Amino acid sequence: MEKLTMEKLTNYCKQYGFIYPGSEIYGGFANTWDYGPLGSRLINNIKDCWRKRFVAQRRNSYEIDCGILMNPKVWEASGHTKSFSDPQVDCKECKKRYRADKLISNFTTDINPDLMTYEEMGKFINENIPCPNCGKRNFTDIREFDLMFKTYRGTVNDQKLEIYLRPETCQGEYINFQNVLRSQREKLPFTIAQVGKSFRNEVTPGNFLFRTIEFEQMELQTFCKPGNDEEIFNYNKKESMKFLTDLGINKNNLRFKDHDKLVFYASAATDIQYLYPTGWDELWGIHNRTNYDLTQHSKFSGKDLSYRDPETNEKYIPYILETAVGVGRLMLAFLIDALQEEQLEDKTTREVLKLHPALAPFKVAILPLIKKVHSEKAKEIYEKYSNYFMCTFDEASTIGKRYRRQDAIGTPYCITIDDNTLKNNTVTIRDRDTMKQITMDIDKVPYYIIEKTLF
Ligand code: ATP
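Described in the following lines is the structure provided in the data block. (Residues numbered from 1 in each chain as written. Predicted model: local features only at pLDDT ≥ 70, side-chain atom pairs only at ≥ 80, totals over all residues. Heavy atoms only, no water.)

1. What about the sheet that holds strand β12 (residues 268–276)?
Point 1. Across the sheet, seven strands lie side by side as β3-β9-β10-β16-β13-β12-β11; this open sheet has mixed pairing. Looking at the sheet topology across the chains shown, the edges are occupied by β3 (61–64) and β11 (254–258). In this sheet, adjacent strand axes meet at a mean angle of 25 degrees when their direction is disregarded.
Point 2. In terms of strand pairing, strand β13 (residues 279–288) meets strand β16 (residues 319–326) through five bridges, oriented antiparallel. Bridge pairing links Gly285 to Ala324 in β16. (Pairing = 2+ DSSP bridges. Helix = DSSP H or I, 4+ residues; strand = E, 2+ residues; numbered from the N terminus. Axes fitted to C-alpha atoms, helices over the stretch in contact; angles between N-to-C directions.)

Structure below.
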């Protein structure tokens, strides 16, 4: 297949109903996207697999669902109101805006902007880097760009309270630490999970789903005794990587990248990077946040969030180990990795989306061979199988074209209804990847498919 570009993927996603540009009929709204019928299925399947692996299959992991709007003191305690910003620089000639650190890292890998001050970055840019858009070298000084979206609560103008759309989901888990601990009668270590929307007024959003201003995160926060943190950090690294490879991402497209410069409160931080068409970049963050978060929330709320060990009677502020991944960014990686163009024996090609069956928007396509003859029976089968898993139904055009469409949207199994179905109560099951067909009794199919599409 020719090299997959973000543009090609964007067109593919729109054509088949995975993702549409946001507010399209109004000329769009930059870097916002709407999930179509297939994208919504895919995104829900990604979340279901994550929940199964990291919540359902762990005895001490609890999912919560917190508000997007919180008391603004939360963001004071977390440090966001003071320092959640990125370095922004503008080209004075063509007015294009850049994130200074990204401008440097895209220009050279010889130096690391994470280790530079804003002054050093500004000097380096002005001395070395031409504007990637217009080629001139005339940049503004670096300015801090506030990433928090603000809004107001209240009706009377001068009494309005300034509040924020959350820029990350994890603060909800931290402020509910004691609620979960007590209501679930837990002891350390245990994990709070959350899947939810976050908002960031990014300096340079873009690259399709990679960096958007509204996005969903899936996060795990494990609370533990200081001293057990390193072991859990390493476990999180291993398990996050395993999740990705178990769901079919080629391991050559994944790597760990330790942070060169840690935020002051963290004691370790690693990203899992993915090889996007634009190059290696972050997919999943894994952090050791020490006892910073609960210390801060204790201080700002006045509530003691320390933990007393029921066995040793020791009292301490728990450490927090975090894993955080963007659902859209993960969907992007799954799509890039799965979309292939295959050369067939008869010299034709087919576009095939080799998603893990558990992720596929539809598990099964029900295809009557001849509309007039087999559709009635096919509809009956569709109704029956829909009780077990997501099915799609297609009776238009030739069977070959219908197989191709299902290949392109990743449906792992096509079930053809033909004369044998009417006579013998059997159907033909075609496998997306091998294109081999088998015949099976109608009633046995649901168990076969459930088994084959399990994660
Ligand atoms: P980046 O360095 O790419 O800005 P980050 O280090 O700020 O990301 P975290 O705050 O650790 O990211 O967020 C955890 C995860 O959330 C990231 O690994 C990524 O998958 C996702 N994420 C963060 N920002 C965005 C965004 N603007 N759009 C889409 N996903 C995002």
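That shown, we press on.
2. Overview of a nonpolar patch on the surface
Point 1. Where nonpolar side chains cluster on the molecular surface, the patch consists of Leu369, Ile370, Val373 and Leu422 and spans about 320 Å² of accessible area.
Point 2. By the secondary structure assignment, Leu369 is in the loop between β19 (364–368) and α12 (371–385). (Patch = residues over 30% accessible without salt bridge, like charges linked within 9 Å, V, L, I, M, F, W, Y side chains within 5 Å. Areas by Shrake-Rupley, 256 points an atom, 1.4 Å probe, with all protein chains shown as cover. Salt bridge = Lys/Arg side-chain N within 4 Å of Asp/Glu carboxyl O.)

3. Some remarks on the site of the ligand
Point 1. Around the ligand lies a shell of 17 residues, among which Glu202, Arg211, Glu282, Leu283 and Gly326 are the nearest.
Point 2. Gln217 places a side-chain nitrogen or oxygen 3.2 Å from an oxygen atom of the ligand.
Point 3. Note that an oxygen atom of the ligand is positioned 3.0 Å from one of the side-chain N or O atoms of Arg329.
Point 4. Within the complex, 86% of the 590 Å² of free accessible area of the ligand lies under protein.
Point 5. Secondary structure elements with two or more residues in the shell around the ligand: β10 (214–224), β13 and β16.
Point 6. The dominant element in the shell around the ligand, judged by the number of residues it contributes, is β13, at five residues.
Point 7. By residue class, the composition of the shell around the ligand is six nonpolar, five polar and six charged. (Near = heavy atom within 4 Å. Polar contact = N/O pair within 3.5 Å; in protein donor to acceptor, adjacent residues only side chain to side chain. Nonpolar A, V, L, I, M, F, W, Y, C, P; charged D, E, K, R; others polar.)

4. Thoughts on the pattern of salt bridges
Point 1. Tallied over the entire structure, the rule returns 25 salt bridges.
Point 2. A salt bridge links Lys242 to Asp246; its shortest N-O distance comes to 2.8 Å. Pair noted here: Lys242 and Asp246 are both in helix α9 (residues 229–246), with a separation of four residues, about one helical turn.
Point 3. Classification of Asp246 by relative accessible area gives partly exposed; the value is 29%.
Point 4. Among the salt bridges present, the one from Asp407 reaches Arg350, with a minimum N-O distance of 3.0 Å. Of this pair, Asp407 sits in helix α13 (residues 399–409) while Arg350 sits in strand β18 (residues 349–353), placing them 57 residues apart in sequence.
Point 5. Among the residues examined, Arg350 registers a relative accessible area of 1% and is labelled buried.
Point 6. Sharing partners across several salt bridges, the network here consists of Glu342, Arg350, Lys354, Arg404, Asp407 and Arg430. (Buried < 20%, exposed > 50% of the residue type's maximum accessible area, 1.4 Å probe, protein only.)

5. Concerning the packing of aromatic side chains
Each pair of aromatic rings is reported with the distance of its centres and the angle of its planes.
Point 1. Applying the stated criterion across every chain, the model contains 25 aromatic pairs.
Point 2. Ring geometry for Phe243 versus Trp284: centroids 5.8 Å apart, planes at 75 degrees, classification edge-to-face. Of this pair, Phe243 sits in helix α9 while Trp284 sits in strand β13, and the two are 41 residues apart along the sequence. For the pair Phe243 and Trp284, one class covers both residues: buried.
Point 3. Ring centres of Tyr274 and Tyr276 lie 5.1 Å apart, and the angle between their planes is 80 degrees; this geometry places the pair in the edge-to-face category.
Point 4. Directly above the ring of Phe210 sits Arg329, whose terminal nitrogen or CZ lies 3.7 Å from the centroid.
Point 5. The ring of Tyr403 is capped by Arg430, whose NZ or CZ atom sits 4.4 Å from the centre of that ring. (Phe/Tyr/Trp six-rings, centres within 6.5 Å; stacked < 30°, edge-to-face > 60°. Lys NZ or Arg CZ within 6 Å of the ring centre and 35° of its normal.)

6. Side note on helix α6 (residues 118–128)
Point 1. Restricting attention to buried positions, one finds in α6 the residues Met121, Gly122, Phe124 and Ile125. Each buried residue of α6 sits inside an arc of 165 degrees when the element is viewed along its axis, so together they form one side. With respect to the buried face of α6, the exposed residues turned more than 90 degrees away are Glu119 and Lys123.
Point 2. Contact partners of the buried residues in α6: β4 (85–90) and α5 (100–107). (Arc of directions from axis to C-beta. Contact = heavy atoms within 4.5 Å.)

7. Describing the side chain of Ser306
Point 1. Tracing the backbone shows Ser306 in the loop between α10 (292–301) and β14 (307–308).
Point 2. A relative accessible area of 16% means that Ser306 is categorised as buried.
Point 3. At 2.7 Å, the side chain of Ser306 forms a polar contact with the side chain of Asp304.
Point 4. Excluding residues within four positions of it along the chain, Ser306 makes contact with Gln178, Lys315, Tyr316 and Ile317.

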